[in-house]
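# Per-entry structural report
Listed below are the residues making up each chain.
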Amino acid sequence: MSRSARPARLVAAASVMAGALLLAACSPTITTKPYAPSDGIRVNLTDQVRGINLMVVSEGEGEPGAVLGALANTSAEDVDFVLAAEGAEPISLTVPAGQTVYLSADQEADQAVDAQLGAVATHPGGDLDATLSGAGVDEDFFLPVMDGTLPEYAAWVPNTSGV
């Protein structure tokens, strides 16, 4: 390599690095944006009222399903939530001001309720058309359906054998 080529390559490399740093500085920080970090879905009704990590666990289409996740209300007022999923009776419950209610969670936990769909209208791996309502807002979304294949969900599959 000639002596005159080295400075040109150093300048080019420095320019590329400076450009990459400039672009990185202008990019939004993704980790500051709310997201659903698991298999469930996040549904923001307002800045203070939301569904967190919502999903259904079921043996299959037409079978009962347990709704997992939480409903959070950081507002100063109690909020009446309604979760309506395709092919099932709506689930209604009130979340007190400043509280989070966990759905189908360990019933020993504070603010936990058993939330069941009588029949799931799609197969595991599919999505149900659903609507979450609360605080005067209705939000349509796709509610993911899982089965007990993954060990972390196996305990939540509703027992339909009557045992």
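Structure shown above.
Residues numbered from 1 in each chain as written. Predicted model: local features only at pLDDT ≥ 70, side-chain atom pairs only at ≥ 80, totals over all residues. Heavy atoms only, no water.

## Notes on the overall build of the chain
To be explicit about the condition: Every helix listed is a DSSP run of H or I at least four residues long, and every strand listed is a run of E at least two residues long, numbered separately from the N terminus. Only protein chains enter the area calculation, which uses a 1.4 Å probe; residues under 20% of their type maximum are buried, those over 50% are exposed, and those in between are partly exposed. Two residues form a contact once any of their heavy atoms are found within 4.5 Å. Only the protein chains shown count as covering a residue, and every accessible area follows the Shrake-Rupley method with a 1.4 Å probe.
Counting secondary structure elements, the chain contains two helices and ten strands. Tracing the chain from N to C terminus, the helices and strands come up as α-β-β-β-β-β-β-β-β-β-β-α. Here the chain holds 163 residues, and the buried ones make up 33% of them. If you take every contact in the chain between residues at least 6 apart in sequence, the share linking residues at least 24 apart comes to 53%. Here the chain displays about 9,700 Å² of accessible surface, and carbon together with sulfur accounts for 55% of that area.

## Quick word on empty space enclosed by the protein
Filter applied, for reference: Here a cavity denotes grid points, spaced 1 Å and computed from the protein atoms alone, that fit a 1.4 Å probe unable to get out, and a pocket denotes an open set having protein on both sides within 12 Å along at least 5 of 7 lines; residues with an atom within 4 Å of a point are the lining. Grid points are joined across faces, edges and corners, and a volume is the space filled by probe spheres set on the points. Note that Gly is not counted as nonpolar here; it falls among the polar residues with everything else outside the nonpolar set of Ala, Val, Leu, Ile, Met, Phe, Trp, Tyr, Cys and Pro and the charged set of Asp, Glu, Lys and Arg.
The tally for this structure, following the rule as stated, stands at one cavity of 30 Å³ or more. Within this model, the largest cavity holds a volume of roughly 50 Å³. In terms of lining residues, the largest cavity is bounded by V67, L71, F81, V82, L83, I91, L93, L103 and L132. At the level of secondary structure, the elements contributing two or more residues to the lining of the largest cavity comprise strand 3 (65-73), strand 4 (79-85) and strand 5 (91-95). At three residues, the largest contribution of residues to the lining of the largest cavity is made by strand 4. Here the residues of the lining of the largest cavity sort into nine nonpolar, no polar and no charged.

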